[in-house]
Number of protein chains: 4
Amino acid sequence: MTEFRHYPEIAKLGAAHLYTPDLDKSLWFFHDILGLHITARTDTKVYLRAGMEHEHHSLVLEAGDRARLDHVTWRVKRPEDLEGFHEILTGNGTDVAVEPPNAEDGIGESLRFQMPSGHKFRLYYDVEKTAVADADRSVLLNQPYRSWHHGISVRRIDHINLWTTHDPLAQHEWLSDNLGFKLREYATGPHGRIGGWMSVTPLVHDVAVMKAGPQETTPARMHHLAYWLDNAQDVLRASDILVEAGFALDQGPGKHGVSQAMFLYVRDPGSGHRVEIFSAGYLIFDPDWEPIEWGMKDIKMALAMWGPTDYMPHVDDNIMNTTTEA
Amino acid sequence: MTEFRHYPEIAKLGAAHLYTPDLDKSLWFFHDILGLHITARTDTKVYLRAGMEHEHHSLVLEAGDRARLDHVTWRVKRPEDLEGFHEILTGNGTDVAVEPPNAEDGIGESLRFQMPSGHKFRLYYDVEKTAVADADRSVLLNQPYRSWHHGISVRRIDHINLWTTHDPLAQHEWLSDNLGFKLREYATGPHGRIGGWMSVTPLVHDVAVMKAGPQETTPARMHHLAYWLDNAQDVLRASDILVEAGFALDQGPGKHGVSQAMFLYVRDPGSGHRVEIFSAGYLIFDPDWEPIEWGMKDIKMALAMWGPTDYMPHVDDNIMNTTTEA
Amino acid sequence: MTEFRHYPEIAKLGAAHLYTPDLDKSLWFFHDILGLHITARTDTKVYLRAGMEHEHHSLVLEAGDRARLDHVTWRVKRPEDLEGFHEILTGNGTDVAVEPPNAEDGIGESLRFQMPSGHKFRLYYDVEKTAVADADRSVLLNQPYRSWHHGISVRRIDHINLWTTHDPLAQHEWLSDNLGFKLREYATGPHGRIGGWMSVTPLVHDVAVMKAGPQETTPARMHHLAYWLDNAQDVLRASDILVEAGFALDQGPGKHGVSQAMFLYVRDPGSGHRVEIFSAGYLIFDPDWEPIEWGMKDIKMALAMWGPTDYMPHVDDNIMNTTTEA
Amino acid sequence: MTEFRHYPEIAKLGAAHLYTPDLDKSLWFFHDILGLHITARTDTKVYLRAGMEHEHHSLVLEAGDRARLDHVTWRVKRPEDLEGFHEILTGNGTDVAVEPPNAEDGIGESLRFQMPSGHKFRLYYDVEKTAVADADRSVLLNQPYRSWHHGISVRRIDHINLWTTHDPLAQHEWLSDNLGFKLREYATGPHGRIGGWMSVTPLVHDVAVMKAGPQETTPARMHHLAYWLDNAQDVLRASDILVEAGFALDQGPGKHGVSQAMFLYVRDPGSGHRVEIFSAGYLIFDPDWEPIEWGMKDIKMALAMWGPTDYMPHVDDNIMNTTTEA
């Protein structure tokens, strides 16, 4: 009888590592306004996490010449999954660099490689569970920081949305074949796939990969990084806080058809990186989920069941130009 | 090199099969008030599901002499997982009956067996994805029924809470060893484990098994079946609807420490079965989650961060007596 | 010593009387979707009220050739205030018709007259407090209909927004001098007053009068009639219900700067009359409230603190053209 | 023809003046946790107001030997109403002291007197509209402080609840005859009136006067002072913040039948004074509102439509003993 042996699996989105030309202003945005907590910092880097996160960080802000996404990290399910993914990725012709612990603070040994689109990923298993100072700790034993600690008080990282000038379909297939992401919903335009929402968890998406316009100057860009709140009402409170702090909301608040999420988008004024604040939505537990296709006639509903409807890939150049490079 | 072979896995809670001495009244409660939809019925059985559910049913109501939980169904991740679980269960000394398709309407071949506590389970993979009548269908392509269709409009089944006069620790270990449930949070009393919340999904619990008091007359009981709403505010609206319909809330609304859920409990007036209406809470994506222990000094916080605090295992006999038998 | 004698006062907005070319469709919208209740009807007229209203109606729908606002009714504070207002109005040169009871069903003796803008008003004191059928009655002794009875379940009429091709400032002064409305907030454009929000109650406005564009074909138009919900989240639920029923939201959901209200606008498909669904906002209890001026640089904030910002008097002709005539 | 002359009227609840034996701790509670703003202070007194309040203060905290309510202030509608009330009160045999401006900081000339129950009131018209520092100011022109400035961020004072060992009915009649308060809802026990909710505004109550138990040691006590939030969800957030800060909620969150308010009660740890955090509810615009009577069979619904139901005048001695003296 065949021994059981786990296929390697990704457990979760770990973090985004972002460059910003104005670290102080970005820190003001992500810490003071969004309400992330700082777990470590150097002269040029700050590590942050949300109030419900136990791991070392879900965001790295690094000072740099220009705003760009450096890479995205993913935590694997078991220590031996790093070896399993190494085997699969190299077997499929992807160059994989094995990096020692602390290549990124708080992270153990890791694998680095890139998608065909040029987006860079890191896989890791070991990670520091950073302690919380007594003054900040929740009365809830299952929560690191006390609720509503400061600012918008986002709860956890939710997903990342990547844009590419390459064929998105090819990226979706690559993510499925190599990393086990399942396609949950996708949009089809007149010339084929324009975007897909994929996950390894019951979230509708841990990652989305969308088609960027031809005017984008690099193949690998980030559209946004999303953080979670528990209630739609909390997104409305976030809108108040942002406008009171001088922000113009980039889009929303509204409700996406895809994922059914209550959302708003806002830009980090230090870098232009777009952040989505995200709530509600639905979870997928059915193991045989059939990906939902949104065709051209459905695209407005896909983007916004209600709220702004001016967010349209391949239509609105301003939107495109404001993704940040990877 | 060893071939990968998946360990068998449970994908999700499928359904609860409940007996009720007053099917009409129970149907009024679950259909008209909670807002479930009927997908099939016979003279003595009704199959229901929530508005966001694609599968045939998450609840079976069957006419019977007295209120009791007949059994709980779980969907496995892959067709071959039925064989895998059969191997594991029988290898561990559990009697497993293989039942043909449609032993329960809409369900394919299944395995039936019981926990050491006497609670009966059914595992299945194949299930009918029941179509929705045009008049009831959502404009959202990813949602079967339109939002807020009728009544409280619960969205999906969430979890089931089982009570036993046996040692709960032994049940938790059995669920872990045989079915892969992970312990997420647990409560410890002066004489040991009094309850545990376990899941195979990122939900804090798909199932809880708690210690029942000695006055319970059978070893296998159900404390409650839980359905999900998207926002805490929706639970307050549910409270309004229930009180307007003549219900006294059993407990809540309030917020559990365990799972951080916004909750209320109410009884089906046809059977006395307790239903939890549940929102918010948190998700666990960390693959090395350390189970959270709530000791005796934490038990009030575990049960209610705020809201009613009179719900205390081993203390309140009235609560105990109102679980329904399995 | 001078005897005290009350100045006549308006207590509240009573109702809007609207003509619709498709009474059945309008009734579907106001009854089935918004959730108003029918208290009386004839072949050509239907009287409706919201779930928290005790009086006979807050809306009259009457079959007519085209959509228009017939008139707005206001309830005075004391029976003798009808005489007081008659004295003031005629003293100021306004023609006032005294109409016998039941000129409008459920309403006692009333005064009819029109503003300089041509908008027609009716003042009344006596009104039938229509009983609620037992099956529909709330368990709350202070509420007529049970909460969440059907549809969006709006709670009460809130305000009416009138547009005029005349000078809005003159209308505001007329409303203040004759009927005691206090100016609470106003907007100033490059050529003077473009709108004002006025009330006799602590609501920021019972009535607004705004400048219409020159392309409007009559001097007296209605921009919208507003109904109240208790929570911002309830407005989001209303958005879901409307989109599920096939509506495209006219504007919103969003948050006005003026009044701080959470809002959405939607059109009655039978008539094109615009309805606002409205929550939150603030109340004015200060007796020496200084009217808030929003100048041209503030106008976007005045219209939407967040949410849609494309609603701009004198800018967007489509908005203008869609007010309905009085 | 008779000249119009306004009857004197109360416009609004102004403030509560509370003594506390631990001013620092009380200030931590009212400022840091509730989120009030300090507008003035001396060694022994602190003046505070909520984020949506324009006037100098709605709360005075004064250091004192023991917790007690000193007096309640009410703003009149017009400057000449002070004279009008003086005439009425003295005409009815009440001793009235005329106090010069700044008897209370920020307040002009005022009248002091007491109810038959011994509760002390101050009437004033002139009041300082305290400016807000630029750093704290809202982007909304109609709001002093920016939204969600700190802590729970209560929005405005709502009402005060007074308890008396005298006959409450006599107090209600006195408030009606002398100050124009209208009875909106009342509760009747086996021996007559046990409480009444009264207002001069459309709020269901600006003041309630309830029957205290015989064990209360002074005739004039305060049960609670209430501050407003915009949404029921905001009360749930307040619950989180309070429990995270170490508070046990005194009662709630829940929904009152009387007033239909979403509520919670919590005690100032510096003084034991009870504060209600309050949202939703309904407004009364009908000028001929018939007071709602809640009899003994209705009392549970009156106190809590849902949420805690253990709050019962004349039944629960612990509740009684925890009112604070006036």
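Residues numbered from 1 in each chain as written. Chains lettered and ligands numbered in written order. Predicted model: local features only at pLDDT ≥ 70, side-chain atom pairs only at ≥ 80, totals over all residues. Heavy atoms only, no water.

*Asks:* Which residues make up the overall build of chain A, and what values go with them?
*Replies:* Helix and strand content of chain A: 6 helices and 18 strands. Here the C-alpha atoms of chain A give a radius of gyration of 19 Å, agreeing with the 20 Å that 2.2 N^0.38 yields for 326 residues. On the principal axes, the C-alpha backbone points of chain A span a range of 60 × 50 × 40 Å. Within the span of chain A, comprising 326 residues, buried residues form 69% of the whole. (Helix = DSSP H or I, 4+ residues; strand = E, 2+ residues; numbered from the N terminus. Rg over C-alpha atoms; globule rule 2.2 N^0.38 Å. Buried < 20%, exposed > 50% of the residue type's maximum accessible area, 1.4 Å probe, protein only.)

*Asks:* Kindly report on the pattern of salt bridges, identifying the contributing residues and their values.
*Replies:* Following the criterion strictly, the structure yields 76 salt bridges over all chains and no others. A salt bridge links B:Arg75 to A:Asp288, with the nearest nitrogen and oxygen atoms 2.7 Å apart. One end of the pair, B:Arg75, is in strand E5 (residues 68-76); the other, A:Asp288, is in the loop between strand E16 (274-280) and strand E17 (292-294), on a second chain. Judged by relative accessible area, B:Arg75 falls into the buried class, the value being 0%. For A:Asp288, a relative accessible area of 23% corresponds to the partly exposed category. Between B:Arg137 and B:Asp134 there is a salt bridge, and its shortest N-O distance comes to 2.8 Å. (Salt bridge = Lys/Arg side-chain N within 4 Å of Asp/Glu carboxyl O.)

*Asks:* Explain the relation of the copies chain C and chain D to me, and be specific about the residues and the numbers.
*Replies:* Under the fitted operation, chain C is carried onto chain D by 0.0 Å of movement along the axis and a turn of 180°, and the coordinates agree to an RMSD of 0.0 Å. Given the turn and translation reported, the copies of this chain are related as if by a two-fold rotation axis. Comparing interface residues between copies, 100% of those in chain C also sit at the interface in chain D, which points to an isologous, same-surface contact. (Least-squares fit on C-alpha atoms with pLDDT ≥ 70 in both. Contact = heavy atoms within 4.5 Å.)

*Asks:* Account for the environment of C:Asp43, naming residues and giving values.
*Replies:* Relative to the elements of secondary structure, C:Asp43 occurs in the loop between strand E2 (37-41) and strand E3 (45-49). In this structure the C-alpha to C-alpha distance between C:Asp43 and C:Glu62, which are 19 residues apart in sequence, comes to 9.1 Å.

*Asks:* Describe the packing of helix H4 (residues 232-244) of chain A against helix H4 (residues 232-244) of chain C, naming the residues involved and giving the relevant values.
*Replies:* Between two packed helices, the angle of one axis relative to the other and the distance separating the axes together describe the packing. Running from N to C, H4(A) and H4(C) cross one another at 115°; their axes reach a closest spacing of 9 Å. What the angle tells us is that H4(A) and H4(C) run roughly perpendicular. In the packing of H4(A) onto H4(C), the handedness of the crossing is right-handed. The segment H4(A) lies against H4(C), with A:Ala232, A:Gln233 and A:Leu236 engaging C:Ala232, C:Gln233 and C:Leu236. A breakdown of the residues in the contact of H4(A) with H4(C) according to their chemical character gives 4 nonpolar, 2 polar and no charged. (Axes fitted to C-alpha atoms, helices over the stretch in contact; angles between N-to-C directions. Parallel < 35°, antiparallel > 145°, perpendicular 65-115°, else oblique. Left-handed = near helix turned anticlockwise from the far one by under 90°. Nonpolar A, V, L, I, M, F, W, Y, C, P; charged D, E, K, R; others polar.)

*Asks:* Pulling in residues and values, what's your account of the domain arrangement of chain A?
*Replies:* All names here are of chain A. What the domain assignment lists for chain A is domain 1 (10-136) and domain 2 (156-325). The gap between the C-alpha centroids of domain 1 and domain 2 is 20 Å. With 43 residues of domain 1 in contact, the opposing surface of domain 2 contributes 41 residues. Across the domain 1 to domain 2 interface the summed buried area is about 3,200 Å²; carbon plus sulfur atoms make up 74%. (Domains from an automatic or database assignment. Buried area = accessible area lost by both parts, 1.4 Å probe.)

*Asks:* Mind laying out the relation of the copies chain D and chain B, listing which residues take part and the relevant values?
*Replies:* Put simply, the second copy of the chain is the first one after a rotation about an axis and a shift along it. The two copies are related by a screw motion: chain D maps onto chain B through a turn of 180° and a shift of 0.0 Å along the axis, at an RMSD of 0.0 Å. Looking at the interface residues of chain D, 100% of them are also at the interface in chain B, so both copies use one shared face.

*Asks:* So, the interface of chain C and chain D: which residues are in play, and what are the values?
*Replies:* In this complex, chain C contributes 51 residues to the contact, which on the side of chain D involves 53 residues. The interface formed by chain C and chain D includes 6 salt bridges. Linking chain C with chain D are 18 residue pairs in polar contact (both at pLDDT 80 or more). Of all elements in the fold, only strand E1 (10-20), strand E5 (68-76) and strand E17 (292-294) of chain C reach the threshold of two or more residues within the side of chain C that touches chain D. Residue contributions to the side of chain C that touches chain D peak at 3 residues, all from E17(C). Tallied by class, residues from the side of chain C that touches chain D come to 24 nonpolar, 11 polar and 16 charged. (Polar contact = N/O pair within 3.5 Å; in protein donor to acceptor, adjacent residues only side chain to side chain.)

*Asks:* Which residues make up the pairing of strand E14 (residues 251-255) of chain A, and what values do they have?
*Replies:* All names here are of chain A. Burial analysis of E14 places 5 of its 5 residues in the buried class, which makes it a mostly covered element. In the sheet, E14 pairs with strand E15 (residues 261-267) via 3 bridges, with the strands oriented antiparallel. Bridge pairing in E15 links Gly254 to Phe263. Taken together, E14 and the strand that follows it, E15, pair antiparallel across an intervening segment of 5 residues, in which Ser259 is found at a positive phi of about 75°. (Pairing = 2+ DSSP bridges.)

*Asks:* Outline unusual backbone geometry, listing residues and values.
*Replies:* Trans is the common state for peptide bonds, and a negative phi is the common state for residues other than glycine. Residues and elements named next belong to chain C. Pro253 follows Gly252 through a cis peptide bond whose omega is 5°. Positionally, Pro253 belongs in strand E14 (residues 251-255). The phi dihedral of Ser259 is positive, around 75°, even though this residue is not glycine. Looking at where Ser259 falls in the secondary structure, it is placed in the loop between E14 and strand E15 (261-267).

*Asks:* Hey, could you go over the packing of aromatic side chains for me, with residue numbers and the actual values?
*Replies:* In this description, an aromatic ring pair is defined by two values, namely the gap between the centres and the angle between the planes. If you walk through the whole model with that rule in mind, you get 40 aromatic pairs over all chains. Relative to A:Phe30, the ring of A:Phe29 lies with its centre 4.9 Å away and its plane at 75°, an arrangement referred to as edge-to-face. The pair A:Phe29 / A:Phe30 is uniform in exposure class, with both members buried. Relative to D:Phe278, the ring of D:Trp228 has its centre 6.2 Å away and its plane inclined at 50°; by these criteria the two rings are tilted. You can see D:Trp228 sitting in strand E13 (residues 220-228) and its partner D:Phe278 sitting in strand E16 (residues 274-280), a full 50 residues away along the chain. Both residues of the pair, D:Trp228 and D:Phe278, belong to the buried class. Here the aromatic residues A:Trp74, A:Phe113, A:Phe121, A:Trp174 and A:Phe181 are joined through ring pairs into a cluster of three or more. For B:Arg193, the ring lying beneath its charged end belongs to B:Tyr186, and the centroid distance is 4.4 Å. (Phe/Tyr/Trp six-rings, centres within 6.5 Å; stacked < 30°, edge-to-face > 60°. Lys NZ or Arg CZ within 6 Å of the ring centre and 35° of its normal.)

*Asks:* Would you mind going over the packing of helix H2 (residues 81-91) of chain B against helix H3 (residues 168-179) of chain B in detail, with residue names and values included?
*Replies:* Residue and element names in this part refer to chain B. Contact pair H2 / H3: the axes reach a minimum separation of 9 Å and the direction vectors enclose 130°. The orientation of H2 relative to H3 falls into the category oblique. Only Trp174, Asp177, Asn178 and Leu179 of H3 make contact with H2, whose side of the interface consists of Phe85, Ile88 and Leu89. Its residues assigned to classes, the contact of H2 with H3 comprises 5 nonpolar, 1 polar and 1 charged.

*Asks:* Outline the side chain of C:Arg49, supporting the account with residue identities and numerical values.
*Replies:* All names here are of chain C. Turning to its location among the elements, Arg49 is positioned in strand E3. Here Arg49 sits buried without a salt bridge, and the closest side chain of opposite charge, Glu53, lies 6.4 Å off (N-O distance). At a separation of 3.1 Å, a polar atom in the side chain of Arg49 contacts the side chain of Tyr145. Sequence-distant contacts of Arg49, defined by excluding residues within four places in its chain, comprise Leu36, His37, Thr39, His54, Glu55, His56, His57, Ser58, Thr130, Ala131, Val132 and Tyr145. (Lys, Arg positive; Asp, Glu negative; His and termini not counted.)

*Asks:* Lay out the side chain of C:Arg68 in plain terms, naming residues and giving numbers.
*Replies:* Residue and element names in this part refer to chain C. Note on placement: Arg68 falls in strand E5. Relative accessible area serves as the criterion here: at 18%, Arg68 is assigned to the buried category. Among the polar contacts listed, one links the side chain of Arg68 to the side chain of Asp70, at a separation of 3.4 Å.

*Asks:* Please set out the environment of C:Arg78 residue by residue, giving values where relevant.
*Replies:* Residue and element names in this part refer to chain C. Structurally, Arg78 is set in the loop between E5 and helix H2 (81-91). In this structure, the C-alpha to C-alpha distance between Arg78 and Ala11, residues 67 residues apart in sequence, is 8.5 Å. When residues no more than four places from it in sequence are discounted, the contact partners of Arg78 are His6, Tyr7, Glu9 and Tyr125. Of the polar contacts made by the side chain of Arg78, one reaches the side chain of Glu9; its length is 2.6 Å.

*Asks:* Can you lay out the interface of chain D and chain B for me, pointing to particular residues and giving the numbers?
*Replies:* At the interface, 16 residues of chain D touch 16 residues of chain B. For B:Asp240, the salt bridge identified is with D:Lys255, shortest N-O distance 3.0 Å. Those elements that place two or more of their residues in the side of chain D that touches chain B are helix H4 (232-244) and strand E14 (251-255) of chain D. A per-element tally of the side of chain D that touches chain B places H4(D) first, with 7 residues. Its residues assigned to classes, the side of chain D that touches chain B comprises 9 nonpolar, 4 polar and 3 charged.

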